[in-house]
Structures are given as structure tokens and as C-alpha cells.
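Secondary and tertiary structure notes
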Amino acid sequence: MDWGTELWDQCDIIEKHTQSGLELVEKYVKFVKERTEIEQNYAKQLRNLSKKYNVKRSSKEEPECRLSSYQSFLDILNEMNDYAGQRELIAENMMMSICIDLTKYLQELKQERKTYLMEAKKAQQILESTYKQLESSKKRFEREWREAERAAQNAEKTDQDINATKADVEKAKQQAHMRAHVAEECKNDYAAQLQKFNKEQNQFYFQDMPLIFNKLQDLDERRVRKLGQGYILFSDTEKHVMPIISKCLEGITKAGTNVNEKNDSMVVVEQNKSGFERPGDVEFEDYSQGINRTSSESSLGAPKGPMDLLGRNRSKNFWLFSKRSKPTVTEDFTHLPPEQRRKRLQQKLEEICKELQKEVDQSEALEKMKDVYEKNPQMGDPASLASQISQTSQNIERLRGDVKKYETWLSEAGGRGETPHYRPHTFNNGAQETQSPDGAHSDESTPDPSQAIYAEFDDDFEDEELAAPIGKCTAMYNFPGASEGTISMQEGEELAVIEEDKGDGWTRVRRSNGDEGYIPTSYVTISLNK
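Residues numbered from 1 in each chain as written. Predicted model: local features only at pLDDT ≥ 70, side-chain atom pairs only at ≥ 80, totals over all residues. Heavy atoms only, no water.

1. Remarks on the overall build of the protein
Of regular secondary structure, the protein possesses 10 helices and 7 strands. Burial status across the protein gives 33% buried among its 530 residues. Within the protein, contacts between residues separated by at least 24 positions form 69% of all contacts whose residues are at least 6 apart in sequence. As displayed, the protein offers around 34500 Å² of accessible surface, 51% of which is attributable to carbon and sulfur atoms. (Helix = DSSP H or I, 4+ residues; strand = E, 2+ residues; numbered from the N terminus. Buried < 20%, exposed > 50% of the residue type's maximum accessible area, 1.4 Å probe, protein only. Contact = heavy atoms within 4.5 Å. Areas by Shrake-Rupley, 256 points an atom, 1.4 Å probe, with all protein chains shown as cover.)

2. Details of the environment of Glu184
Residue position: Glu184 is located in helix H4 (residues 166-257). Along the primary structure Glu184 and Ala148 are separated by 36 residues, whereas in three dimensions their C-alpha atoms are 9.3 Å apart.

3. Quick look at the nonpolar core
Burial of nonpolar side chains together is a common tendency in soluble globular proteins. Ranked by internal contacts, the top residues of the largest apolar core, which has 39 residues, are Tyr28, Val32, Ile98, Met209, Ile212, Phe213 and Leu216. Contributions of two or more residues to this core are made by helix H2 (11-53), helix H3 (68-160) and H4. Sorting elements by how many residues they give to this core places H3 first, with 17 residues. Sequence-distant contacts of Leu216, defined by excluding residues within four places in its chain, comprise Trp3, Ile14, Thr18, Arg113, Tyr116 and Leu117. Formed by 14 residues, the second largest nonpolar core is a distinct cluster that contains Leu345, Cys353, Leu356 and Val360. (Core = buried A, V, L, I, M, F, W, Y, C linked by side-chain atoms within 4.5 Å.)

4. Observations regarding the confidence of the model for the protein
Averaged over the protein, the pLDDT score is 80; the fraction of residues at 70 or greater is 81%. When mean pLDDT is compared element by element in the protein, H2 scores highest at 94, while helix H10 (residues 449-452) scores lowest at 38. In the model, residues 291-322 has pLDDT below 50 throughout and makes 36 contacts with residues more than four positions away in sequence or in other chains. Below a pLDDT of 50 lies the segment residues 415-464, which in the model reaches 111 contacts outside its immediate sequence neighbourhood of four places, other chains included. (pLDDT = per-residue confidence, 0-100.)

5. Examining the packing of H2 against H4
The N-to-C vectors of H2 and H4 enclose an angle of 15°; their axes lie 11 Å apart at closest approach. In terms of orientation, H2 and H4 fall into the roughly parallel class. Between H2 and H4 the crossing geometry is left-handed. Touching Cys11, Ile14, His17, Thr18, Gly21, Leu22, Leu24, Val25, Tyr28, Phe31, Val32 and Arg35 of H2 are Met209, Phe213, Leu216, Asp220, Arg223, Leu227, Gly230, Tyr231, Phe234 and Glu238, all from H4. (Axes fitted to C-alpha atoms, helices over the stretch in contact; angles between N-to-C directions. Parallel < 35°, antiparallel > 145°, perpendicular 65-115°, else oblique. Left-handed = near helix turned anticlockwise from the far one by under 90°.)

6. Some remarks on a nonpolar patch on the surface
A contiguous nonpolar surface patch, about 360 Å² in accessible area, is contributed by Trp8, Tyr205 and Phe206. For Tyr205, the location among the structural elements is in helix H4. Tyr205 gets classed as partly exposed once you look at its relative accessible area, which sits at 32%. (Patch = residues over 30% accessible without salt bridge, like charges linked within 9 Å, V, L, I, M, F, W, Y side chains within 5 Å. Salt bridge = Lys/Arg side-chain N within 4 Å of Asp/Glu carboxyl O.)

7. Observations regarding the sheet that holds strand S5 (residues 506-510)
Spatial ordering of the open sheet is given by S6-S5-S4-S3-S7, a layout of 5 strands whose pairing is antiparallel. Bordering the open sheet on either side are strand S6 (516-520) and strand S7 (524-528), each of which pairs with just one other strand. Averaged over all neighbouring strand pairs, the angle between strand axes comes to 40°, with direction disregarded. Looking at chain direction, strand S4 (residues 494-499) and S5 are connected through 3 bridges and run antiparallel. Bridging from a neighbouring strand, Glu499 pairs with Arg508 of S5. (Pairing = 2+ DSSP bridges.)

8. Quick word on the packing of H2 against H3
With their axes 8 Å apart at the nearest point, H2 and H3 run at an angle of 165° to one another. Here H2 is positioned roughly antiparallel relative to H3, judged by the angle of their axes. In this structure, H2 meets H3 at a crossing whose hand is left-handed. Classifying every residue of the contact of H2 with H3 by side-chain character gives 24 nonpolar, 8 polar and 10 charged. (Nonpolar A, V, L, I, M, F, W, Y, C, P; charged D, E, K, R; others polar.)

9. Looking at the pattern of salt bridges
Any two side chains of opposite charge can pair, so long as their charged atoms come close to each other. Summed over all chains, the structure comprises 21 salt bridges. In this structure, the salt-bridge partner of Glu238 is Arg35, at a minimum N-O distance of 2.9 Å. On the criterion of sequence distance, the pair formed by Glu238 in helix H4 and Arg35 in helix H2 is long-range, its members being 203 residues apart. Take Glu238: its relative accessible area is 22%, and that puts it in the partly exposed class. Close ionic contact of Lys375 with Asp371 constitutes a salt bridge, the shortest N to O distance being 3.4 Å. Taken together, the residues span about one helical turn, with Lys375 and Asp371 both in helix H8 (residues 338-375) at a distance of 4 residues. Judged by relative accessible area, which is 61%, Lys375 ranks as exposed. Judged by relative accessible area, Asp371 falls into the partly exposed class, the value being 33%.

Written as C-alpha cells, this is what we have:
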């Protein structure tokens, strides 16, 4: 069924219907624009919310950083930030594929509709002009015919009039004949105009207007089809990002399942265990027997713990339980409880050893460069490196002293509490620093720890026992491992996790063939042993 046949007499209805359809497209475009604004505002609010609660931790040493519940919350904030990015993508795609495309198409339809309506109006004007000519010839024919009848009657009357002269009768007959001739011409003109009008009217109603109506029908159907595609895109645009959104939601779920209350409790113990022994019983001082107070005091004089101090002098604040003031920080961390002191000394020693290794590497590089300059003077002046070599040597000597100093303090503090995991430091010479089972620091290669670090590499030196993996990881991306200390990996490769990320973005791993090194934490998915 087509409009040209079925709606041949409903031009106003067709015009109104097509206009209403274009307005619907405009309304839908406006609706989608407002939807994109909502998505953009939603994404912006989500990002601000994630940023508000994702406060960058100032230090790896903050207590909550190792809690699984804290890490899971940070993972949730990161996933929400990614989720916000997908909402922004939805808004952008809707704007591009729906709003902009439909707006451009709408302008084309409006122009096309205007052209068709102008054609219809022009055809209507031509038909109306022909009809006016028909009416004009019809009225002229009617007028002239009446005049001819009146002239004929006048001629007949004159002819019967006995008083009329022959000339009058002849004149009246000529007048009647002339009027009859003019009336006949008007009749023929009227007939010709009528034939012309009928022909044009037939063409108007059976050819011109049906063709225009069919074009408007095709335009409207294309408009409806395009609008339907816009409706589908409204859904498909969001479906396109649903897999990524699902991954974000799965990440949030995974963050919840990664919360380990037992592990968090152990972390709290590890971070806050003081190493003090529980206080012993307070001895009874029998004043009725004249007991020597000095001896009683001497029996309590050897402090066995914090409560011993509190028992003797409750007016004196003991730092472990005090909330009013903080102890003065000392270089050897004696202001901390024994267990925490030992951990801090281990961390400090590890930092110094890393810095020392960097200085040693720099010193070796400078010596090699100096050797190259001496052999090839055109490449540079060896004397220009003297100041750098001297400064590096001073730094090495200073750090050696610091290593020895902190090893001594660690040896003093190592006999208390449980020994936490301490990563040995291996330098180019192969010397290693390890932690003895009782917590004291020891060296495996030479009695002098500071000298062992810089001793010549011994090919017969036995490899240290490999640390047990604490989990495994799978590579999500390729990593070349070009930098010193890193290890390359391929996407999908599984590696053993030897040491967790300490907040610097790197995780220590090991291959099945024994190769070890650091990789970017963000490049892998990690599963730690429970």
C-alpha cells in the first residue's frame, strides 16, 4: 500500500505526519544528549569519589598498607575509576554514533521534505491557474451566448416590426450573426480549456501528486528505519563496554574475596609486637618483720618488663603505654620495642646495602670509563673523572661504615622475638648478608661483613639456598626486562613470586630454570599462597 494511491486526498495529513516524524527524531536526539550529560556527570562524580578516598600513602611503612582489607579497598577504588572511564566512553560513543549522526541525517530529511512539498505546491498552483482559465472561458462563453440569444431575439423582433426599415432589419441580423459567431468561438475556447484542465487534473491526481506522496512515504520510512537503528545503538553502545564493566565488577568481587581476616590479624601482630616479656609477680614486702627495704627494692631493681617500671614509679610515663607524648626518635631505633627495633634495623640495613650497591656499580663504571680514556685519549680526559671517582669512593666508605654500624646494632637486637623475613643482598662480588635463625646478622663468606661485600668474586662460592616462593603470577603483557635487575617475560608466562611489591611497583619473581629478577607489578596477576 502506498500513500499516492490510498492517501491521494490527504495532503495535509501527510504533511503533518512527516513533520511530526522529524520532530520525534529531534526529540530523541535531545533525549540522548541529556543521557550523555548524565553519564558524564556520573563518571565525573565517580572519579572524584575514587580520588577523594584513594589518598596516596606517604610511606610503605604505614601500618594499614599491608592489610588485605586496606589493599582490597584500594583495588575497589581503582576498579571504580576504570568503571567511570567506561561510563565516559558510553557517553562519547552515544554522542558520536547517535546524536551527531542523527542530527546530520535529520537536516538532510528536512531539506528533502521541503523540496517535495515545494514540488507539490508548484503542481497545485499550475492546476489552480488552469482552473482559473477554465472558469474565465466558461464565464465568457456564458456571457457571449446570452448576448447572442439577445441579438437573435432582437433581429427577429425587428424583422416582424412593420415600422422597421429594411436597413434596420439587415443590421439586426448582422448583429445577431456576429454575436452568434463570437459565442461559438467562446464555446470552442471553453471546450479547449475544459479539455486542458481535465488533462492536467488527471495528471495532477494520478501522476504528479502520487509520485510526490510516494517520495514522502519513502522519506518517512527511511526516517523510521534510521530512528530504529538509533534505538538499537542506544543499547548496543552500552553492551559494547559491558564486558569491560563486568571485569571491573569482577575485580571488585575479587577484591572482596582477597580479604583475609587471619592474615590481617597476623600482620597487626607482626607490625606491633614489642618483644617484651610479661611482667613477673610482685614480691611481698613484709614491713612487720622489719624487712630490709633496700633488699626488697633490689629484688625489683632488675626490670623484667614495662610493668616492672610502672610498679615502681607509676607517676612516670612509660612510652609503650603512653598516649600523651611520643618518644624521641634515635638513629639506632632504641626508642622502639625490641621486635619493632629489629625490623626497622633490618629495613634500614637493606636500604643502605641497596644504596651501597649503586655506588659500587657507579664506581666500577667510572673506573672502566677512566680505563677507556687512558687507552683512547681522543675520547676524553681521564683527569676529568677524578672528582667523581673521589666522591664515589667517599660515599662507599661512608656507607661501609653505616653497614658495619647497623649490623652491630642488629646483632645486639637480634636475640629477641621472632625473626621476620629478611632478603639478603648480593653484590657483584658474590658476598651475601643473611639473617641467622636467632635474629643476629651474619655473613657467610668472610668474618668481616663490610669487607666481604667488596671482596673479589669467588667462582667456587656456593649459591645461597633459594627462597621459597610465596605465590605465583601470570604475565598479562610482554616485558623486555632490559634494565639491570629485571627479568623478561612473555604474555601468559607463569612465574613464582619470591617477594611482594613493597610499594615501589616492582615484584621479585623466579622462573622454573632458576632465573630471578624484578618485573612491574601492574603487568601480572598475582596469587599469593594462603
